[in-house]
Amino acid sequence: MTAPALTALPPAARKARRRSAALGLLAWIAGIGFCLPALWMLLTSLHSEADAATNPPSLAASLTLDGYRQFFGADGGPSPWPPLINSLSASVFSTILVLVLALPAAYALSIRRVRKWTDVMFFFLSTKMLPVVAGLLPVYLFAKNAGMLDNVWLLVLLYTSMNLPIAVWMMQSFLADVPVSIIEAAQVDGARLPTVLARVVAPVAGPGIAATALICFIFSWNELLFARVLTGVVAQTAPVYLTGFVTSQGLFLAQLCAASVVVSVPVLVAGYAAQDKLVQGLSLGAVK
């Protein structure tokens, strides 16, 4: 818009336009501020250990892939693939189990509401109020007596139980916006409950389900405390593997940043691939 045209606007419209421009600029500044640590980590991962350890750090230092080569065991070090595969397996399988269990639960709490469904929702919420550390010892003793220490399937069960309450809460709000008429029409045509959930409810609430799955995947991928205590070598996950770069011999900053970048890639790829579904799901029901 040209300057004369902007001047011709009413004072209220000019004030609103300036406010919108200021908020847009503030949003850009906040977005860049949130991205700076990740960009700094990426830049540090491309420096040598000597350049990464300088204070203040040098932005003009030469770039190298030595940190990534060392992370992937090019110098004879341990391979990062087993921990990465363990994290991927635990996150994917637990997310699938969460969706399988949360979808019928959310259906019963939103569309075909059970008696005292608000009490049930509060119970799900109350399970997240217990500090994670408080349940660490009982879970450890159970895993030890059951012979499941250092077992990736134990992590699958734990991550499923940890993410199920928040998944039910999210999907309950998403399924509440599913039109009951299409469900009744499917039931009139003879569709049973599994068919209704798979072919009617799931496609309509697809964005919400995708958002729930992505959040559960991220929570499982980033979990450290239980994986640190309950795993050793066989079921070691990627976050636990990262802690091994901080040793008594010193902090290998460039290699640690390279490892952090690699471990962050699956979450970034999943978020980018599902970004449209994530935005739709998180805003589902906000605008009628």
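This text gives an overview of the structure that appears in the document. Everything numeric in this text was worked out from a predicted model, so none of it was measured. (Residues numbered from 1 in each chain as written. Predicted model: local features only at pLDDT ≥ 70, side-chain atom pairs only at ≥ 80, totals over all residues. Heavy atoms only, no water.)

## Description of the environment of serine 173
Okay, step 1: As for its position among the elements, serine 173 is in helix H8 (residues 152–175).
Okay, step 2: Considering only alpha carbons, one finds serine 173 and serine 110, 63 residues apart in sequence, at a separation of 7.4 Å. (Helix = DSSP H or I, 4+ residues; strand = E, 2+ residues; numbered from the N terminus.)

## Some remarks on the pattern of salt bridges
Okay, step 1: The final tally for this structure, using the stated rule, is one salt bridge.
Okay, step 2: In this structure, aspartate 66 engages arginine 69 in a salt bridge whose closest nitrogen and oxygen atoms are separated by 2.7 Å. With aspartate 66 and arginine 69 both in helix H4 (residues 66–71), this residue pair falls three residues apart, about one helical turn. (Salt bridge = Lys/Arg side-chain N within 4 Å of Asp/Glu carboxyl O.)

## Regarding the packing of helix H10 (residues 193–204) against helix H11 (residues 206–222)
Okay, step 1: For the pair H10 and H11, the least separation of the axes is 4 Å and the interaxial angle reads 80 degrees. Taken together, the axis directions place H10 and H11 in an arrangement best described as roughly perpendicular. Here H10 contributes Ala202, Pro203 and Val204 to the contact with H11, which in turn contributes Gly206, Pro207 and Ile209.
Okay, step 2: Among the residues forming the contact of H10 with H11, the class breakdown is five nonpolar, one polar and no charged. (Axes fitted to C-alpha atoms, helices over the stretch in contact; angles between N-to-C directions. Parallel < 35°, antiparallel > 145°, perpendicular 65-115°, else oblique. Contact = heavy atoms within 4.5 Å. Nonpolar A, V, L, I, M, F, W, Y, C, P; charged D, E, K, R; others polar.)

## So, H10
Okay, step 1: Here H10 spans 15 Å end to end across twelve residues, near enough to the 16 Å set by a 1.5 Å rise per residue.
Okay, step 2: Listed in full, the buried residues belonging to H10 are Val196, Leu197, Val200 and Val201. For H10, the arc enclosing every buried residue in end-on projection is 130 degrees, short of the 170-degree limit, so these residues lie on one face. Opposite its buried face, H10 presents the exposed residues Pro194, Ala198, Arg199 and Pro203, each directed more than 90 degrees away.
Okay, step 3: Its buried side turned inward, H10 meets helix H5 (81–110), H8 and helix H9 (180–188). (Expected span 1.5 Å × (residues − 1). Buried < 20%, exposed > 50% of the residue type's maximum accessible area, 1.4 Å probe, protein only. Arc of directions from axis to C-beta.)

## With respect to the side chain of serine 94
Okay, step 1: Along the chain, the position of serine 94 falls in helix H5.
Okay, step 2: The buried category is assigned to serine 94, whose relative accessible area is 0%.
Okay, step 3: Setting aside chain neighbours within four positions, we find serine 94 in contact with Val156, Tyr159, Thr160 and Ser220.

## Things to note about helix H7 (residues 136–145)
Okay, step 1: Among all positions of H7, only Leu136, Val139 and Ala143 are buried. Along H7, the residues classed as buried sweep out an arc of 70 degrees about the axis, all on the same side. Those residues of H7 that are exposed and angled more than 90 degrees off the buried face are Leu137, Phe142, Lys144 and Asn145.
Okay, step 2: The inward-facing, buried residues of H7 abut H8 and helix H12 (225–230).
Okay, step 3: Glycine 147, located one to two residues past H7, shows a positive phi value of around 70 degrees.

## Here we look at unusual backbone geometry
Okay, step 1: For aspartate 150, which is not a glycine, the phi torsion comes out positive at approximately 60 degrees.
Okay, step 2: Relative to the helices and strands, aspartate 150 resides in the loop between H7 and H8.
Okay, step 3: Looking at aspartate 150, the relative accessible area reads 23%, which means it is partly exposed.

## A look at the packing of helix H2 (residues 11–45) against helix H14 (residues 253–273)
When two helices pack together, their arrangement is captured by the angle between the axes and the distance separating the axes.
Okay, step 1: Where H2 contacts H14, the two axes come as close as 7 Å, and the packing angle between them is 125 degrees. The angle between H2 and H14 places the two elements in the oblique class. For the pair H2 and H14, the crossing hand works out as left-handed. Packed against H2, whose contacting residues are Met41, Leu42, Thr44 and Ser45, the element H14 presents Leu253, Ala254, Cys257, Ala258, Ser260, Val261 and Ser264 at the interface. (Left-handed = near helix turned anticlockwise from the far one by under 90°.)

## Focus on the layout of surface pockets
Okay, step 1: Computed from the structure, the largest pocket encloses a volume of approximately 420 Å³.
Okay, step 2: Surrounding the largest pocket, 18 residues form its lining, Thr127, Lys128, Val132, Met162 and Phe226 being those nearest its centre.
Okay, step 3: In the lining of the largest pocket, the residues fall into eleven nonpolar, five polar and two charged. (1 Å grid on protein atoms, 1.4 Å probe; cavity = no way out; pocket = protein on both sides within 12 Å on 5 of 7 lines; lining within 4 Å. Points joined across faces, edges and corners; volume = space filled by probe spheres on them.)

## A few points about the environment of proline 83
Okay, step 1: Relative to the assigned elements, proline 83 resides in helix H5.
Okay, step 2: Classification of proline 83 by relative accessible area gives buried; the value is 4%.
Okay, step 3: Considering only alpha carbons, one finds proline 83 and alanine 238, 155 residues apart in sequence, at a separation of 4.8 Å.
Okay, step 4: Dropping the residues within four chain positions of it, proline 83 is found in contact with Gln236, Thr237, Ala238 and Tyr241.

## Description of the state of the cysteines
Okay, step 1: One pass over the full model with this rule turns up zero disulfides.
Okay, step 2: The thiol of cysteine 35 is unpaired, and the distance to the nearest cysteine sulfur, on cysteine 257, comes to 16 Å. (Disulfide = S-S within 2.5 Å.)

## A few points about the packing of aromatic side chains
Okay, step 1: Per the stated rule, a full pass over the model turns up five aromatic pairs.
Okay, step 2: An angle of 40 degrees between the planes, with centres 5.3 Å apart, marks the rings of phenylalanine 93 and tryptophan 153 as tilted. Of the two residues, phenylalanine 93 is situated in helix H5 and tryptophan 153 in helix H8; the sequence distance between them amounts to 60 residues.
Okay, step 3: Grouped by ring-pair contacts, the aromatic residues Phe71, Phe72, Trp81 and Tyr241 constitute a single cluster. (Phe/Tyr/Trp six-rings, centres within 6.5 Å; stacked < 30°, edge-to-face > 60°.)

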